[in-house]
Amino acid sequence: MDRLALDVRLALRRLRQNPGFSVIAIVTLALGIGANTAVFSLLNAIFFRPLPAVVESSRLVAMNETLGGGSFPTVSYPNYRDIRDRMQSVTGLASYRIMPANVGLPGSNQRVWGYLVTGNYFDVLGVKPYRGRLIGPGDDVKPGGHPVAVLTYNCWLNRFGGNTGAIGSSAKFNGQTFTILGVTPPEFIGTELFYTPDVFVPMMMQREMEGGGGYLENRGTSNTMVTGRLKPGVTPAQAQSELDAIARRLSEQYPKDNGGMKLTLSPVGLAGNYIRGAVIGFAAVLFGISCLLLLIACTNLASLLLARAADRRRDTAVRLALGAGRGVLIRQLLTENLVMSLAGGAGGALMAFWITDALRMWKPPIEFPLVLAVHADWRVFFFALLVSTVTVLLFGLVPALQSSRLNLLGALKNESASERGRRWHMRDYMVATQVGLSAILLVCSVLVVRSLQKALDAPIGFNARNAVEASIDLNLGGYKEAQGRAFERRFLAGVRAIPGVESAATTDWLPLSLNNSNDGILIEGKPVPKAADMPIAMTFVVSTDYFRTMQTRIVSGREFDVREREGGPRVAVVNQAFAAKLLPGEDPIGKRFMTGVGSKPIEIIGVAEDGKYFSLNEDRNPAIFLAADVWYSSNLTLIARSQLPAEDVQRRIQAVVREMDPSLALFGQMTLTRHLDLPLFPARAAASALGAFGMLVMLLAATGIYGVMAYAVSRRTREIGIRMAIGATPRQVLGSVARSGAILVGSGTLVGLVIAFALGRLLKQILYGVEPTDPVTFLIVALMMASIAALACWLPARRATRINPLGALRQD
C-alpha cells in the first residue's frame, strides 16, 4: 500500500507537470467512456434492470400469438381463461389491456391512461399497495359489477393532490362512478417498460370503460396481453413445451378461431416479442457504435502515450541506469495511466448522468404516456469503472512496455529514436487503426442521416402539409351508437362550415399512429385458410371526403360518397397492396371479401394508392377502408385541410365542440406534420445519436492525425534541416511530410471502408430507402476522411517548411 500511495503521488505530480497532455487525455477518455456509459444506461433500463416494485420479475413471461405470419402480444380473453386454467408450469397467469379514460375532477374533465386488469394481476406481480389495497380476485368476477379503481402514485399525487381522503372516495371515469381502492407504490409502472399508466380497473368493467358490444366472450378478438410467473424450478423451455400442447388442443377444439394457432413465451416489458426485435436491433447498433467510439478514443490515447514515452526517453533511461527495475517502471507508468483513466471515467459517468437525465425528461410528440425510465444504478457505476480499468490494461500496457525497453546509451545522450530500418512505428499503426475505426463509424452515421432524408421524402400515402388533426372518444363521453352517429354528422358539418377550411373528414385511426386495427381477410370464392395463416389487413373506418382531405390518390374505382349510408350496402376501398397480394392478376373492383369466417361479404368499390400505416420502414401491407356511414366507430379523429394558420383552425374546431357538447374533451390536437414526429422518431434519434458520434469521431480523428504528424515532424527536425541545407525546397519538404500522412490515412480509411461494407447488414433494421452498401455513402466518407487528413496534416507540414536549417543542425 505504501508503494501504491507513492506511485499515485508520483502519477499526480507528473500529470500536473504536463497539464495540456493530461487535459486532452482525460477529456478524450471522458467522451469515450461517457458515450458508452450512457448507452449502457439505456440498455440496463431495457434489458437488465428488473421491473420496479415487482417481485422476481426475471421469472415473469409474456405470451405472443402468431397470426397471419406475424407475432402479436395479445390473445383473446376466452383463450386466456382456458390457458390459465390448464397451464401448470406457472403460479399464476394474468391478463391486462391498455385503455384510455376520462376522469371527472372538479372543474375539469381530464384524459388519463390505464390498464384493464384481471383480479390476479397484482398477486401475480407480487406488488404491495402504497395506500389502501389493490384489485383482487373478488373485484373481477361479474361483468359490470365491480366499479372500483386503483391509482398509480403519480396520478394520486398530481390529479388528487396526494390526499389520503381520496382512498375510499368516489371518482367518475368515463362518466361512471368508481370507488378508489388504493394507490400503487411510487416506483411501480406496470408491466410495459415504455408505458406509465394512471389507473387500474378490473377487466370485468371493460364494457363500461370502452363501450361498444364488448369482446370478453369473443374468441376471435385477440386484444388482451398476458403475463405469468414461472413456478420455482421450471425453465422457460419447459413452460413453452406445455404451452405448445395447450395451443394444439385449443386449435383442435376451436378450429374456426384458433386453427393453426401458435403461442410463444418471451420476457415481459416490450409488448411480448412485438417490438423486441426492433429494440434489440437498434440497441445493438447503438452499443456497437459507442464501443467503436471508445476504441477510437483509446487508440488516440495510445498514440499520445507512445509520443509522450518517446519524449521521456532520457528520463526513463536515467531511472533505469540508477537501478530502477523494469517492473517498477511499468507499474509506475500503469499507475499514472490508471489515475488518468479513473479521472476520465468519473468525467464519463457525469456525462452519462447528464444524458440519461435528458432522456428521462424527454416527452414524445403525442398525448400518450410514453416514457423512457433510464436511471443510473450500481450496474452503471460498475460498468463505468470496468471500462476505465480495461482501458488502462489494454491501451496503457503497450506504451509502458515500450518505454521500459530502451537503448540506454543512446537515450542518455538524448539521441532521437532511429527513424530508419522500418517505415511504420507502433504509433503509426495506432493512428491507422483510429482512422479505420473512424471510417466505420462515419459510414454508419452517414447511412442513418441519408436514411432520415429518404424517410422525410418517402411517399406515405397522404400529404401532411396544411392539415390539422384532433381526436374525440365518444365512448368516454357516454355516447351510444345513435347519438354518436348524429354527433359525427353535426361535427363534420360544423368544421366544414369554418371559413377557410377546404375539406374535412374523420377516421377511427390515423395511419402511422400508435393505434391500429386489423382483420383477417377471406376472399369470396377462395379456400378458407387456417385462422393462424389468414392474411391480415390494416382496417380504417373513414368518412366521405377522407381521401380528398388526406390527398390520397384513388387509383381505380371511386371513393365513398352519399350512396354510403347506415344499413346500406357493405363496401370498401382497398389499397394497391391488398389487390396485388390477395387478388393477383385480377381486377379488384366488384370483388368481395369477408373480415373473418362467418362475416358478411364486403364489395370493393375502389383502389387507393399504397401508404405507410404502422411504421415508415414497413413492407407493403394490405389495408382496407370502410365507410363510417355504414360502420360505426366511437373513436373519431378529425382531419381538416386549410391554408389558414394551424392555431386558428384548431381554435375554431374547439369552439365547434364546445358549442355541441362542453363535456367532451379534444385530445391529440396537432398538425399532420407534427403527427409524423412519432414514426420519424427512431430515424431522428438514430441520426442525432450517430450525428453526434460522427462529429466526435471527426474531432478525435483530426486530433489523432495531427498529433502523430506533429510528433513525426518534431522527431524529424534534424533530418528536415539537413534536407533543406543541401537544397530541398519548401514544396519538396511539404510533399514529403504530407505523403507520409496520406499513406497513413489512406491505408486506414481503405481498411475501415472494407470492414464497414462487410458489417453493413447490421444496420438494415434501422435504415429506410438506403442500402447498407450504398456507394454514395462510401464516397462521402472517403472524401470526409481525405478532408480531415488534409487539414490535420497541413499544419505540421507547413511548420516543417519553416524549420531553420542552422537550428536543426545544432539539435542534440
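Computed from a predicted model, the values in this text were never measured in an experiment. (Residues numbered from 1 in each chain as written. Predicted model: local features only at pLDDT ≥ 70, side-chain atom pairs only at ≥ 80, totals over all residues. Heavy atoms only, no water.)

1. A short note on the overall build of the protein
- A tally of helices and strands in the protein yields 25 helices and 24 strands.
- Relative to its full complement of 812 residues, the protein shows a buried share of 53%.
- Taking all contacts inside the protein whose residues are at least 6 apart in sequence as the whole, residues at least 24 apart take part in 81%.
- Roughly 35,900 Å² of accessible area belongs to the protein as shown, and the carbon and sulfur atoms make up 59% of that amount. (Helix = DSSP H or I, 4+ residues; strand = E, 2+ residues; numbered from the N terminus. Buried < 20%, exposed > 50% of the residue type's maximum accessible area, 1.4 Å probe, protein only. Contact = heavy atoms within 4.5 Å. Areas by Shrake-Rupley, 256 points an atom, 1.4 Å probe, with all protein chains shown as cover.)

2. Describing helix H23 (residues 730-759)
- Helix length check: H23, at 30 residues, gives a terminal C-alpha distance of 43 Å against a target of 44 Å (1.5 Å per residue), a fit within 8%.
- Within H23, the full set of buried residues consists of Val 733, Ser 736, Val 737, Gly 741, Leu 744, Val 745, Gly 748, Thr 749, Gly 752, Leu 753 and Ala 756. (Expected span 1.5 Å × (residues − 1).)

3. A few points about the side chain of Ser 513
- Relative to the assigned elements, Ser 513 resides in the loop between strand S14 (501-507) and strand S15 (518-520).
- Separated by 2.8 Å, the side chain of Ser 513 and the backbone oxygen of Leu 510 make a polar contact.
- Filtering out sequence-adjacent residues up to four positions away, Ser 513 remains in contact with Tyr 613 and His 675. (Polar contact = N/O pair within 3.5 Å; in protein donor to acceptor, adjacent residues only side chain to side chain.)

4. Points about the packing of aromatic side chains
- Going through the model one piece at a time under the given rule, you end up with 28 aromatic pairs.
- Relative to Tyr 274, the ring of Phe 72 lies with its centre 5.9 Å away and its plane at 35°, an arrangement referred to as tilted. Taken as a pair, Phe 72 in strand S2 (residues 70-72) and Tyr 274 in the loop between strand S12 (262-266) and helix H9 (276-311) lie far apart in primary sequence, 202 residues in all.
- Residue Phe 72 is classed as buried on the basis of its relative accessible area, which comes to 18%.
- Relative to Tyr 80, the ring of Tyr 77 lies with its centre 5.5 Å away and its plane at 45°, an arrangement referred to as tilted. Of this pair, Tyr 77 and Tyr 80 both sit in helix H3 (residues 77-86), three residues apart, which is roughly one turn of the helix. Like Tyr 77, the residue Tyr 80 is buried in the burial classification.
- Of the aromatic side chains, those joined through ring pairs into one cluster are Tyr 96, Tyr 115, Tyr 121, Phe 122, Phe 188, Tyr 195 and Phe 200. (Phe/Tyr/Trp six-rings, centres within 6.5 Å; stacked < 30°, edge-to-face > 60°.)

5. Some remarks on the pattern of salt bridges
- Following the criterion strictly, the structure yields 17 salt bridges and no others.
- In this structure, Asp 774 engages Arg 450 in a salt bridge whose closest nitrogen and oxygen atoms are separated by 2.0 Å. Of this pair, Asp 774 sits in the loop between H23 and helix H24 (775-800) while Arg 450 is found in helix H15 (residues 426-457), placing the two residues 324 residues apart along the sequence. Arg 450 matches Asp 774 in its accessibility class, with the two residues each being buried.
- The partner of Arg 563 in a salt bridge is Asp 561, with the nearest N and O atoms 2.6 Å apart.
- Arg 563 gets classed as partly exposed once you look at its relative accessible area, which sits at 47%.
- Salt bridges sharing partners connect three or more residues here, namely Arg 558, Asp 561, Arg 563 and Glu 564. (Salt bridge = Lys/Arg side-chain N within 4 Å of Asp/Glu carboxyl O.)

6. Concerning unusual backbone geometry
- Positive phi outside glycine occurs at Glu 56, with the angle close to 45°.
- Locating Glu 56 in the fold gives a position in the loop between helix H2 (19-48) and strand S1 (60-67).
- Even without glycine at this site, Asp 545 takes up a positive phi of about 75°.
- Tracing the chain through its elements places Asp 545 in the loop between strand S17 (536-542) and helix H17 (546-550).
- Under the relative-accessibility criterion, Asp 545 is labelled partly exposed at 22%.

7. A word on the packing of helix H16 (residues 481-496) against helix H19 (residues 646-660)
- One way to put it is that H16 packs onto H19 with a least axis distance of 10 Å and a crossing angle of 140°. Judged by the inter-axis angle, H16 sits oblique to H19. The chirality of how H16 crosses H19 is right-handed. The segment H16 lies against H19, with Phe 487, Arg 490, Phe 491, Gly 494 and Val 495 engaging Ile 653, Val 656, Val 657 and Met 660. (Axes fitted to C-alpha atoms, helices over the stretch in contact; angles between N-to-C directions. Parallel < 35°, antiparallel > 145°, perpendicular 65-115°, else oblique. Left-handed = near helix turned anticlockwise from the far one by under 90°.)

8. Focus on the pairing of S17
- Taken across its seven residues, S17 has six buried, putting it largely inside the fold.
- The pairing of S15 with S17 spans three bridges and is classified as antiparallel. Each bridged residue has a counterpart across the sheet, and for Asn 518 the counterpart in S17 is Met 538.
- Here five bridges tie S17 to strand S22 (residues 623-627), and the two strands are oriented parallel to one another. Counterpart to Thr 539 in the pairing with S22 is Ile 624. (Pairing = 2+ DSSP bridges.)

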